[in-house]
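Read off the chains here:
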Amino acid sequence: MKKYPEYKHLNLSQISKDVLRFWEENHTFEKSVSTREGQAPWVFYEGPPSANGMPGIHHVMARTIKDIFCRYKTLQGFQVKRKAGWDTHGLPIELSVEKALGITKEDIGKKITVEQYNIECRKDVMKYTDKWSDITKKMGYWVDMENPYITYDNKYIESVWWLLNNLYTKDLLYKGFTIQPYSPAAGTGLSSHELNQPGCYRDVKDRTAVAMFKIADASALLEKGAEAFFMAWTTTPWTLPSNTALAVGKDIEYVAVKTFHPHPVKGKELEPVVVILAKDLLDKYFPSKSAELKFEDYKAGDKAIPFQVIKSYKGSELAGTVYNQLLPFAKPDGDAFRVIVGDFVTTTDGTGIVHIAPSFGADDFRVARQNGIGALTLVDKRGKFLPEVKDGIFLYGEEYVKEAYLSDEEKAHEFQFQKKILEDNGKIKELKAYLSVDERIVLKLQEEGKLFKKEQYVHSYPHCWRTDKPVLYYPLDSWFIRTTALKDRMIELNKTINWKPEATGTGRFGNWLENLNDWNLSRSRFWGIPIPIWTSEDRSEQICIGSVEQLQKEIANALAKGVMAENPLAAYKTGDMSDANYEGFDLHKPYADNIVLEKNGKKLFREPDLIDVWFDSGAMPYAQLHYPFENKDLIDSKKYYPADFIAEGVDQTRGWFFTLHAIAVMNFDSVAYKNVVSNGLVLDKNGNKMSKRLGNAVDPFETIEKYGADATRWYMIANAAPWDNLKFDMEGIAEVQRKLFGTLYNTYGFYALYANVDQFVINPADQVPVAQRQELDRWVLSELHSLIRDVTAHYENFEPHRAARSIETFVDEHLSNWYVRLSRRRFWKGDMNPDKKAAYETLHECLLVVAQLMSPIAPFFGDWLYGNLRAPLGTAENTAMAADSVHLTNFMHANETLIDLKLNERMELAQKISSMVLSIRKKENIKVRQPLQKIQIPVLDKEMQSGIEAVKDLILAEVNVKEIEFVDESNTHIVKNLKLNFKTLGKKCGADMKAVQAYAADHSTNIIHDVERHGKAVVPVNDKEYVLEPEDVEIIPVDIPGWKVANNGPVTVALDVVLSEDLRQEGLAREIVNRIQNIRKDKGLDVTDKISVKIQQNEGLDKAITNNLNYICSETLTGDLQLVQNLSTASANAVEVDDTISTLISIEKLN
RNA sequence: UGGGAUAUAGCUCAACGGUGAGAGCAGGUGCCUUAUACGCAUCAGGUUACAGGUUCAAGCCCUGUUAUCCCAACCA
């Protein structure tokens, strides 16, 4: 006879290990995919992690979410393939290699060849793959790590090139220049990622200036021949020579102010000037008390300067106004020196008029281009002014625009130089320190009467993480993807994506799309996918490569034309998709750069940039399949595209989520994914970000070893919605372990214990029909099937936290603490009979279903539980347990006919009544072991009474009372309360609601009477009459005078606390039973062992024992009970039966 | 600085615009149990971040403020 396995202790960590071995030996994961062959696919894309970092607890979180839905959909019958992937390119890898080798970027090509460097990167990037494999297995994440896609593979790169070429053909790829963070000291552009390294943004003190731009002809704005200035603020005066426009806000109100020049040139101290600035910022420059000053009282040099607002304009009225170039060192290409409208202009600081230097600001560049304004770039790539920025007094040409770029010696040298010039020219009496370009420009403006105000200003400014020097924003050549061309389509298709949470899709992602810029694809690095574009030096000829085959042909041509000597792709066989064929070459630098092509007699060289690694990962739907060279049909006929589901951290919103979307829309006019869950961060228990630096990072290996993967996963899922941040607290895992897994383990243990005693094994083909099972069974099945329905809905909605919480409630409150607790006797009392069998079958079904429902979240424990329940069945062919793993079963459907809401309500009522009776006992200090005679329940409607009747026995047993008596007004006086139903009355009464409420409070007795007798009551209020119908009120019995009463919502219970002699003796008998059971347990007797009992006689006890002898014996499996005169304390246990009675009991096991 | 999210008991989280805002954990007290200090009962703990507004009625809707987090960032 096969048995259900029994265990001594719950050890989740061990269960994980055992189940993991089982999966490996039985290839359960592979089967979960292969057994679904031919079924509808459910497409999942794995976002590639970078294997050169260690896995963290947040990866466990993110992967749990992915795993849950893949497992769930597999249970639903879908085939869910899960190809793992590795992100292998990019800066972090380069940095890691440089650190390991002790080199810097400058050394590449000198101390180490590009070739060697890339070999190192290729090695380095996979250095933690073992750790990743390990955590993947241990956490129970099912993903195919045997055949991952790897972004550095030639096949992967070929697909990426195909996509790029496709964009090139559609004219969505162009080379242009934009304003990018640039480090002159390092001679390289910086990515936003680099700027976001810790410590890059630092507070710096800069010289700021409000410059005055003279309007060329102010007649249109003021009177004819008037002279006026625009005021514009800048924190970077060194950009002023490159100014080509001024921007105003379209709807901002501006004023023209007549005043005196604060820094006039000699001789013009008393000539009034007119300046224009935003009205909102008037106070900042013109204190309102100065408005009362009289112009005629003003003397040169006065601190307080009178002013007068003479006119006002909307920004749009100023647009188009031409002004004189502020610092005319060079002439710009194209149109310039005009007022334009900029959407970014605000009045939070400055003057509401923004100085535009298109070369040195992204906004400036954009708004200038939109308005056809040209640029001036008077700074070179070294960070120095061009030679022409020179006046011989303040500016000397070819000097660093930022003080920080000068070395101490350079600074000292410059200081001596400028000291001489400035002092000789009488500009400064005695120069004490080096003056920065910014400071000297301000001096120059002042000298020329173009300065309104200067001050120091502290703001945060980005620095290059390698050189520690401030960054410049500088126009750089780059390749761009014209994402803006398809912006509307991207927005449109985004609306078809199911975002969890929704706000991320409409908000963070939606806004991002609305403000989309072209995607800068270029990166000046070494380890990445080369841009597959070759251009002639005069840029007249260009070839974009979309496949290795094409490249091979072009090389052949180049060889024929003699521009190349050797064909690195000679061995490549067209059409051969074998790995061997793809391993004979390398598309990375430096090999790609060594290829020179030929077109129309011109040599073509590769564009030197690599592509943004984000394109790598966004290309994975296609590149992981080597599309279109292989698996073309999977994408083209949408068999494996788009994804039904992806999930990553919310930080990927503008990363992977965007690149997937952009590439899909631009290449295939499709979404890349239909459902996306963006999960929140994992913080430490105090809500701080985890970091190695702070030492608060949680080690996932340790955590899983200690608590097991299931408890860890369950905790993370149940504790917060996926998209909320999780405050990770180990104690929370311990709690889950105790509460959910402990309870479930015990519930199973209970089942196994008695099933084995009774030699019961489930027979799915022969079960007691549910209709013939008792109320409690039908109730728990009703709850169970409600649970299936709810959990299914939660999984379908991608709300795993709700699924987990529902399961917790069921296991804990319904199954363990009500069903099993109240059913215990049925399992151990008597021989097998239909009722006992029904109890086993009911409990078995609950455990089986729970095992399956929980298995996506707790895959090990779910499978362990399932395996135990299945253990005595053998192959279990043709049953729901035919598969040898829960993960290979078919998801159970809720049987709606078993869901009986009335029954659920009834049982809730029984629990409520029980709890109320226990509460009265507590108040009256009567133990539950002491039987009581009677409960009274006042009932006002028959339905409630019949509901309680149905669960009466359960209540009585639970609270240890003999009978329930239903009372109404015919046999007792009941105090009743009136409650108004605000929902129905709100509609009826509206604004009179408060008055009705007040009236009802004063006349509750009358209203109750009227409603009960006549079915309605009239409420006269504010000269109106409202008729209260039964649905508008609730009449609740709250008290029976003279009884001990408890009240909860609509239910009231009264308890008879009078103890008769019989009851008292019965209570004592139960105390005795309890003591005997405790001794049994202490002695380690089996639950089936029969015993003989000797109890030392005691006056207060003997009668209670003899009168309840049968009861005591049958409860304790006692074959022989004797009251004896004396027991030796050596062989007997001393027990206190109550405060006054103590005795000795001895127990012998009977054979 | 902008966009997004969050703010409810000491902690973690619930709560269709509807009558005293609920669980669990942690704490006090008492109790039940031949599955289990698992639980049950009970006490304490709340100005639902703050200030306004809409409504007969607001934790929930609207506006603003503050704090924290994420993302994007030299808006001059």
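Residues numbered from 1 in each chain as written. Chains lettered and ligands numbered in written order. Predicted model: local features only at pLDDT ≥ 70, side-chain atom pairs only at ≥ 80, totals over all residues. Heavy atoms only, no water.

**Q** What's the story with the protein's contact with RNA strand B in this structure? I'm lost.
**A** Around RNA strand B lies a shell of 68 residues, among which Trp233, Val354, Asn719, Lys983 and Glu1115 are the nearest. For RNA strand B, the backbone portion of the atoms within 4 Å of the protein, that is sugar and phosphate, comes to 61%. Contacts to RNA strand B include lysine 727, whose side-chain N or O atom sits 2.9 Å from a phosphate oxygen. Separating a base nitrogen of RNA strand B from a backbone N or O atom of leucine 980 is a distance of 2.7 Å. For the surface near RNA strand B, the element with the highest residue contribution is helix α26 (residues 800-828), accounting for eight residues. Considered class by class, the residues forming the surface near RNA strand B number 26 nonpolar, 20 polar and 22 charged. (Near = heavy atom within 4 Å. Polar contact = N/O pair within 3.5 Å; in protein donor to acceptor, adjacent residues only side chain to side chain. Helix = DSSP H or I, 4+ residues; strand = E, 2+ residues; numbered from the N terminus. Nonpolar A, V, L, I, M, F, W, Y, C, P; charged D, E, K, R; others polar.)

**Q** Explain the packing of helix α32 (residues 982-989) against helix α33 (residues 993-1002) here, please?
**A** Axes are the key here: two packed helices are described by the angle between their axes and the distance separating the axes. Interhelical geometry of α32 versus α33 gives an angle of 125 degrees and a closest axis separation of 9 Å. For the element pair α32 / α33, the angle class is oblique. On α33, the residues touching Phe982, Leu985, Gly986 and Cys989 of α32 are Met993, Val996 and Gln997. Taken together, the residues of the contact of α32 with α33 sort by class into five nonpolar, two polar and no charged. (Axes fitted to C-alpha atoms, helices over the stretch in contact; angles between N-to-C directions. Parallel < 35°, antiparallel > 145°, perpendicular 65-115°, else oblique. Contact = heavy atoms within 4.5 Å.)

**Q** So what exactly am I meant to see when it comes to helix α35 (residues 1061-1082) here?
**A** Quick reminder: α-helices carry 3.6 residues per turn. Residues three or four places apart thus point the same way. The terminal C-alpha atoms of α35, which comprises 22 residues, lie 32 Å apart, in line with the 32 Å expected from a rise of 1.5 Å per residue. Buried within α35 are the following residues: Leu1063, Gln1065, Gly1067, Leu1068, Ala1069, Glu1071, Ile1072, Val1073, Arg1075, Ile1076, Ile1079 and Arg1080. (Expected span 1.5 Å × (residues − 1). Buried < 20%, exposed > 50% of the residue type's maximum accessible area, 1.4 Å probe, protein only.)

**Q** Got a minute to help me understand the packing of helix α29 (residues 901-924) against helix α31 (residues 952-959) in this structure?
**A** In the contact formed by α29 and α31, the axes pass within 9 Å of each other and the chain directions differ by 30 degrees. Classified by the angle their axes make, α29 and α31 are roughly parallel. Judged by the sense of rotation from one axis to the other, the crossing of α29 with α31 is right-handed. Mapping the contact onto sequence places Met907, Ala910, Ile913, Ser914, Val917, Leu918 and Arg921 in α29 and Leu954, Ile955, Glu958 and Val959 in α31. For the contact of α29 with α31, the residue count by class is eight nonpolar, one polar and two charged. (Left-handed = near helix turned anticlockwise from the far one by under 90°.)

**Q** Explanation requested: the packing of aromatic side chains in the structure shown.
**A** Aromatic rings in a pair are described by how distant their centres are and how their planes are angled relative to each other. What the rule picks out here adds up to 60 aromatic pairs. Judged by centre distance (5.6 Å) and plane angle (85 degrees), the ring pair of tryptophan 499 and phenylalanine 657 falls under edge-to-face. Of this pair, tryptophan 499 sits in strand β15 (residues 498-500) while phenylalanine 657 sits in helix α22 (residues 656-668); the two residues are 158 residues apart in sequence, bridging distant segments of the chain. Accessibility classification places tryptophan 499 together with phenylalanine 657 in one group, the buried group. Seen in terms of ring centroids, phenylalanine 827 and tyrosine 840 are 5.1 Å apart; in terms of plane orientation they differ by 85 degrees. Their pairing is edge-to-face. Highlighted residues: phenylalanine 827 in helix α26 and tyrosine 840 in helix α27 (residues 834-854), separated in sequence by 13 residues. Like phenylalanine 827, the residue tyrosine 840 is buried in the burial classification. Taken together, Tyr4, Phe750, Tyr751, Tyr754, Phe760, Phe827 and Tyr840 form an aromatic cluster joined through their ring pairs. Over the aromatic face of phenylalanine 701 sits the side chain of lysine 131, whose NZ or CZ is 5.6 Å from the ring centroid. (Phe/Tyr/Trp six-rings, centres within 6.5 Å; stacked < 30°, edge-to-face > 60°. Lys NZ or Arg CZ within 6 Å of the ring centre and 35° of its normal.)

**Q** What exactly am I supposed to notice about the sheet that holds strand β14 (residues 472-481) here?
**A** Backbone-to-backbone hydrogen bonds join strands into a sheet, with any given pair of strands oriented parallel or antiparallel. Pairing within the open sheet is antiparallel, and its four strands lie in the order β4-β3-β14-β16. Edge strands, defined here as strands with exactly one partner in the open sheet, are β4 (188-189) and β16 (519-520). (Pairing = 2+ DSSP bridges.)

That is the geometry; function is a separate question.
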